[in-house]
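Next come the chains, spelled out residue by residue.
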Amino acid sequence: MTDKQVVSKYRGAFKTLVGQIGSQILKGDFNLTTVSLPIKAMDYNSILQTVTTMATISSHFYTLAALSSDPYERMKLVITASIAYLEPTHHWNKPLNPILGETYQAQSPDGSRYYLEQVSHRPPISYFVHNGPSDIFRLSSYTQFDVHAHLNSIDCNVSGRKKIEFLRDGTDIVFNQHSDAFKNTIFGTLSH
């Protein structure tokens, strides 16, 4: 990342975060769950809204997969959808944590419908159902986030699974969530 304003904003946030952690360690009261990311690094959407935004990009590829009868082409399109899922969130802002029991529903222009619920706060677990246009596919998943901060990086380990059912022919594909990493958070070239 070379945008100096963005890099400066996030490096400042990470330095504040390190300061909070150092202060807790010096007091002998270290608890990472009580350390919060500075507000300047937060997004205005919740994780549930962000997941829906991510899914609207993937819907195109899932629809193409549902219309394909070639299993290899279908698998390639599902993998492409999974990778495309990350593009809308490549902005560095951390989404707000949903409250336990929070739900979110949306519909996209292609007719896809999205239903989400936050079922656990610690650890954070979200459930998600994406019904494709004209109900040609149904994607269901659950996601759990586990974030690990290191000296100059942050790893976001994502566990859970996704299952896409192609309703026209009754086949399905089950796959795991992918994780995320932020490197050079304090010094070096910031990368995601």
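The structure under discussion appears in the preceding block.
A. Representation of the pairing of strand β8 (residues 171–176) within the structure. Alignment of strand β7 (residues 153–166) against β8, held across six bridges, turns out to be antiparallel. By the bridge assignment for β8, Glu 165 is matched with Asp 172. Between β7 and β8, which follow one another and run antiparallel, lie four residues, and Gly 170 among them has a positive phi close to 80 degrees.

B. Inspection of the pattern of salt bridges at higher detail. The final tally for this structure, using the stated rule, is six salt bridges. The shortest N-O distance in the salt bridge between Asp 135 and Arg 113 comes to 2.8 Å. With Asp 135 in the loop between β5 (125–131) and β6 (137–149) and Arg 113 in strand β4 (residues 113–120), the pair connects residues that are 22 residues apart, well separated along the chain. Taking the shortest distance from any N to any O, the salt bridge between Lys 183 and Asp 155 comes out at 3.4 Å. One end of the pair, Lys 183, is in strand β9 (residues 180–183); the other, Asp 155, is in strand β7, with 28 residues separating them in the sequence.

C. Up close: helix α2 (residues 47–67). With 21 residues, α2 extends 30 Å from end C-alpha to end C-alpha; this agrees with the ideal 30 Å at 1.5 Å per step. Of all bends in α2, the biggest is about 40 degrees, found at Ser 58.

Rules used in this analysis
Residues numbered from 1 in each chain as written. Predicted model: local features only at pLDDT ≥ 70, side-chain atom pairs only at ≥ 80, totals over all residues. Heavy atoms only, no water. Pairing = 2+ DSSP bridges. Helix = DSSP H or I, 4+ residues; strand = E, 2+ residues; numbered from the N terminus. Salt bridge = Lys/Arg side-chain N within 4 Å of Asp/Glu carboxyl O. Expected span 1.5 Å × (residues − 1). Bend = angle between axes of the 7 residues up to and from the residue.

Purely geometric stuff here, so don't read any function into it on its own.
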